[in-house]
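# A look at the structure
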Amino acid sequence: MEEYVITVRETNHPAILKFEANQPLVHQGNYEFKNIDEAKDSPLAQQLFHLPFVKTVYVSGDFIALERFDIVSWEDVRDAVAQQLVEYLNAGGVAVHEGKKQPREAVTVYAEVTPNPAVMKFVANKKLVPSVYEFKNIDEAKDSPLARKLFELPFVREVFMDLNYISVSKYEVADWNEVTMEVREMIRDFLADGGQVLAPGAVPAQRGEDTVSMAANPNLDATSQEIISILDEYVKPAVASDGGNIVFQSYDPDSKKVHVILQGACSGCPSSTFTLKNGIQTMLQNMMGEKVGEVVAVNG
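So, here is what we can say about the structure in this document. In this text, all values refer to a predicted model and were calculated from it rather than measured experimentally. (Residues numbered from 1 in each chain as written. Predicted model: local features only at pLDDT ≥ 70, side-chain atom pairs only at ≥ 80, totals over all residues. Heavy atoms only, no water.)

### Focus on the pairing of strand β5 (residues 63-68)
Every regular strand shows the same layout, with side chains that alternate between the two sheet faces. Test applied: Burial status follows relative accessibility: with a 1.4 Å probe on protein chains alone, a residue under 20% of its type maximum counts as buried, one over 50% as exposed, and anything between as partly exposed. Each helix corresponds to a stretch of at least 4 residues labelled H or I by DSSP, and each strand to a stretch of at least 2 residues labelled E; elements are numbered beginning at the N terminus. What makes two strands pair is DSSP finding at least two bridges between them.
Burial of β5 is extensive: 6 of the 6 residues sit out of reach of the surface. Residues Phe63, Ala65 and Glu67 point to one face of β5 and Ile64, Leu66 and Arg68 to the other, with burial holding for every one of them. With 5 bridges connecting them, strand β2 (residues 16-21) and β5 associate as antiparallel partners. Within β5, the position partnered with Ile16 by the bridge is Glu67. With 6 bridges joining them, strand β4 (residues 54-60) and β5 adopt antiparallel strand pairing. Opposite Val57, over in β5, you have Leu66 as the bridge partner.

### Some remarks on the pattern of salt bridges
Let me state the cut-off plainly: The term salt bridge refers to a pairing of a side-chain nitrogen on Lys or Arg with a carboxyl oxygen on Asp or Glu at a separation within 4 Å.
On inspection of all chains with the given rule, the structure shows 12 salt bridges. We note a salt bridge from Glu20 to Arg9, for which the minimum N-O separation is 3.2 Å. In this pair, Glu20 is assigned in strand β2 and Arg9 in strand β1 (residues 6-10), connecting sequence segments 11 residues apart. Classification of Glu20 as partly exposed rests on a relative accessible area of 23%. The salt bridge involving Glu67 is made with Lys55; its shortest N-O contact spans 3.8 Å. Highlighted residues: Glu67 in strand β5 and Lys55 in strand β4, separated in sequence by 12 residues. Taking relative accessible area as the criterion, Glu67 reaches 13% and is therefore assigned buried. Judged by relative accessible area, Lys55 falls into the partly exposed class, the value being 35%. Taken together, the shared-partner salt bridges in this structure form one network comprising Arg9, Lys18 and Glu20.

### Structural notes on the pairing of strand β6 (residues 109-113)
Pairing of β6 with strand β7 (residues 119-124) involves 5 bridges; the strand directions are antiparallel. The partner of Val109 across the bridge, within β7, is Ala124. What sits between the antiparallel neighbours β6 and β7 is a turn of 5 residues.

### Considering the nonpolar core
How we decide: Nine residue types can take part in a nonpolar core, namely buried Ala, Val, Leu, Ile, Met, Phe, Trp, Tyr and Cys, and a core is a set of them joined through side-chain atoms within 4.5 Å. A contact between two residues is defined here by any heavy atoms of the two lying within 4.5 Å.
In terms of nonpolar packing, the biggest core is built from 32 residues, with Phe135, Leu150, Val159, Met161, Ile166, Val183 and Leu191 touching the most fellow members. When contributions to this core are tallied by element, the ones reaching two or more residues are β7, β8 (132-135), α3 (145-151), β9 (156-162), β10 (165-170) and α4 (176-192). With 7 residues, α4 is the largest single contributor of residues to this core. If sequence neighbours within four positions are ignored, Phe135 has contacts with Glu140, Ala141, Ser144, Ala147, Phe151, Glu158, Val159, Met161 and Leu198. One finds Val54, Val59, Ala82 and Val96 within the second-largest nonpolar core, a separate group that totals 31 residues.

### Topic: unusual backbone geometry
In this model, Leu163 sits at a positive phi of 55 degrees, which is unusual for a non-glycine residue. As for its placement among the helices and strands, Leu163 is situated in the loop between β9 and β10. Classification of Leu163 as partly exposed rests on a relative accessible area of 40%. Residues other than glycine seldom take positive phi values, yet Lys256 does so here, at roughly 65 degrees. Following the sequence through the fold, Lys256 ends up in the loop between β11 (244-252) and β12 (257-264). With a relative accessible area of 31%, Lys256 lands in the partly exposed category.

Here is the structure:
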């Protein structure tokens, strides 16, 4: 039997480290354990929880990802953990007692048209992601197994995720009347089989600054803070219902221009200009007076 070799990989999350094996560890699903009691079916996770710095254990395919508490740094313990994993696995240790295949989760997904004819919104009956994630191509989707699977469809151009829905942008070669069912069933089956939407350490979209963090930024001027507050309260819920997102980018006090970034179904939408001029721009001008002169949109 081939011996196990472990390769350590950093993730975008500083507290999470991946330990990749040269052969599969599990075959039937993805597993997440928050404590030793939850890990009753995983002898490997139980052993790892005896390490005082281990907070969460993820097992999926050919890798183990560990989230640590802040009492140590990975630089101090990563090699020792990798060696422990190699010794355990090569001694015949089991990662997870999978037994019978887990029953499929009851998941429903429905398709919803958006104002953008190139984008269809697929809504699930469960939360999928904690924040906004945007993937322009399969390379950007390295931390999202679900997005990578969608990009295997030749007509998929972009994938946008937010909370309980996924907006899929297509190339013109396909007609939504012909492919909507295929995409919907792919997403539903992936979720029902326990597929992983995001890999551990996946980072939310960074094309625009997160408005929550920006609002907490003491260096941001008062006008920008006010614009962000209005966008969050009055605009974002509306564009989210259409499968998109709007992110504040900048405000120029001299020209009085507000720059925003459009994401998801809003990006490249033919009606975006009309919406900006007759909706968002008018709202900001009515609520903020002469502080706002024009709203300029950039497609995410």
